[in-house]
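Here are the chains, one letter per residue:
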Amino acid sequence: MTIHAFAFYVFATIVVASGALTILSRNPVHSVLWLILAFFNAAGLMLLVGAEFIAMLLVIVYVGAVAVLFLFVVMMLDIDFAELRAGFTRYLPFGGLIALVLFAEIVLAIGVWNFADIAEEARLGAVDPSVPNIEAVGRALYGRYLLIFEGAGLLLLVAMVGAIVLTHRERSGVRPQKISEQIKRRPEEATRNTQPEVGKGIEL
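This one's a predicted model, so the numbers in the text were calculated from it and none came from an experiment.

How each quantity is defined
- Going along each chain's sequence as written, the residues are numbered from 1 onward.
- Local features in a predicted model are, by the rule used here, given only for residues with pLDDT of at least 70; side-chain atom pairs are given and counted only at 80 or more, and totals for whole chains, interfaces and linings are based on all residues.
- Working from all heavy atoms in the structure, the side-chain values ignore hydrogens and water.
- Each Phe, Tyr or Trp ring, with Trp reduced to its six-membered ring, pairs with another whose centre is within 6.5 Å; inter-plane angles below 30 degrees give stacked pairs, above 60 give edge-to-face pairs, and intermediate values give tilted ones.
- The helix count covers DSSP runs of H or I at least four residues long, the strand count covers runs of E at least two residues long, and both are numbered beginning at the N terminus.
- To form a nonpolar core, buried Ala, Val, Leu, Ile, Met, Phe, Trp, Tyr and Cys residues must be joined to one another through side-chain atoms within 4.5 Å.
- Residue burial is assigned from relative accessible area. The probe radius is 1.4 Å, only protein chains are included, and a residue is buried under 20% of its type maximum, exposed over 50%, and partly exposed in between.
- Note on contacts: a residue pair qualifies if any of its non-hydrogen atoms lie within 4.5 Å across the two residues.
- Between the N-to-C directions of two axes lies an angle of 0 to 180 degrees, each axis being a line fitted to C-alpha atoms and, for a helix, fitted only over the stretch in contact.
- Angles are sorted into four bins: roughly parallel if under 35 degrees, roughly antiparallel if over 145, roughly perpendicular if 65 to 115, and oblique for all others.
- Each residue is assigned to one class: nonpolar for Ala, Val, Leu, Ile, Met, Phe, Trp, Tyr, Cys and Pro, charged for Asp, Glu, Lys and Arg, and polar for all the others, Gly among them.
- Helices are assigned an expected span. That span is 1.5 Å times one less than the residue count.
- We define the bend at each residue as the angle formed by axes fitted to the 7 residues ending at it and the 7 residues starting at it.

Draft legend 1. Main features of the packing of aromatic side chains. Under the counting rule described, the total for this entry stands at three aromatic pairs. Consider the rings of Phe8 and Tyr9, whose centres lie 5.4 Å apart with planes at 70°: the pair is edge-to-face. Ring geometry for Phe39 against Tyr62: centres 5.4 Å apart, planes inclined by 50°, an arrangement best described as tilted. Taken together, the residues Phe39 in helix α2 (residues 28-48) and Tyr62 in helix α3 (residues 52-76) connect sequence positions 23 residues apart.

Here it is in structure tokens:
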């Protein structure tokens, strides 16, 4: 067994194990940590096939941003674990049905890909070996798939603006902060010497 095959089996085994533990862990914080481990090993698999750009995306974007965001959100929220487990058992049949449908779609896609009457070169989508991976991805994104790429960015922008608008609430009775007045205030205006009587507070 070559070192390449050995590394593949190590990364693949850890990805599958950490993915399973992400689902089966009782503590949500532990689930996020297992998810981070799965992302790291998936990045290792991408490096083995020569897709270093996707590997860096997995580490920088998914581990450095998405997974860390999940971790902080889970740690800051007051989660009722009993309610989570009750919801899991309630929606288990529906989730299992969706999992079976997705598995059937994957099997169908693999079967069509293997037995379709298409040349192997066209199915693999081979690129020029002399072109670096990042350059090939850039040509595909900003060339053939430019409109789709821009449309996805516009859709994400609309979703972000919509989330901000839906969650923004104007509260009444709130004293806004006035930065200019705080800067202009002098020390003698900020403090006041008082001699309150015993048992009485000060008047504001």
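Alright, that's what it looks like, and here's the rest.
Draft legend 2. Here's a closer look at the nonpolar core. With eleven residues, the main nonpolar core is built from Val32, Ile36, Phe39, Ala42, Ala43, Ala55, Leu58, Val63, Ala67, Leu71 and Val74. Contributions of two or more residues to this core are made by α2 and α3. Of the residues forming this core, the biggest block, six residues, is contributed by α3. If we ignore the near neighbours within four places in the chain, the residues touching Ala42 are Val15 and Leu58.

Draft legend 3. Fine view of the packing of α2 against α3. Two numbers describe how α2 lies on α3: the axes approach to 9 Å, and their chain directions differ by 175°. One element, α2, and the other, α3, form an angle in the roughly antiparallel class. Residue-level contacts link Pro28, Val29, Val32, Leu33, Leu35, Ile36, Phe39, Phe40, Ala42, Ala43, Met46 and Leu47 of α2 to Glu52, Ile54, Ala55, Leu58, Val59, Tyr62, Val63, Ala67, Phe70, Leu71, Val74 and Met75 of α3. Class assignment for the residues of the contact of α2 with α3 results in 23 nonpolar, no polar and one charged.

Draft legend 4. A look at α3. Spanning 25 residues, α3 covers 34 Å between terminal C-alpha atoms, matching the ideal 36 Å at 1.5 Å per step. When the local axis directions of α3 are compared, the greatest deviation, roughly 40°, occurs at Tyr62. For α3, the set of buried residues is Ala55, Leu58, Val63, Ala67, Leu71 and Val74. Those residues of α3 that are buried lie in contact with α2.

These results come straight from atomic positions and should not be treated as a statement about function.
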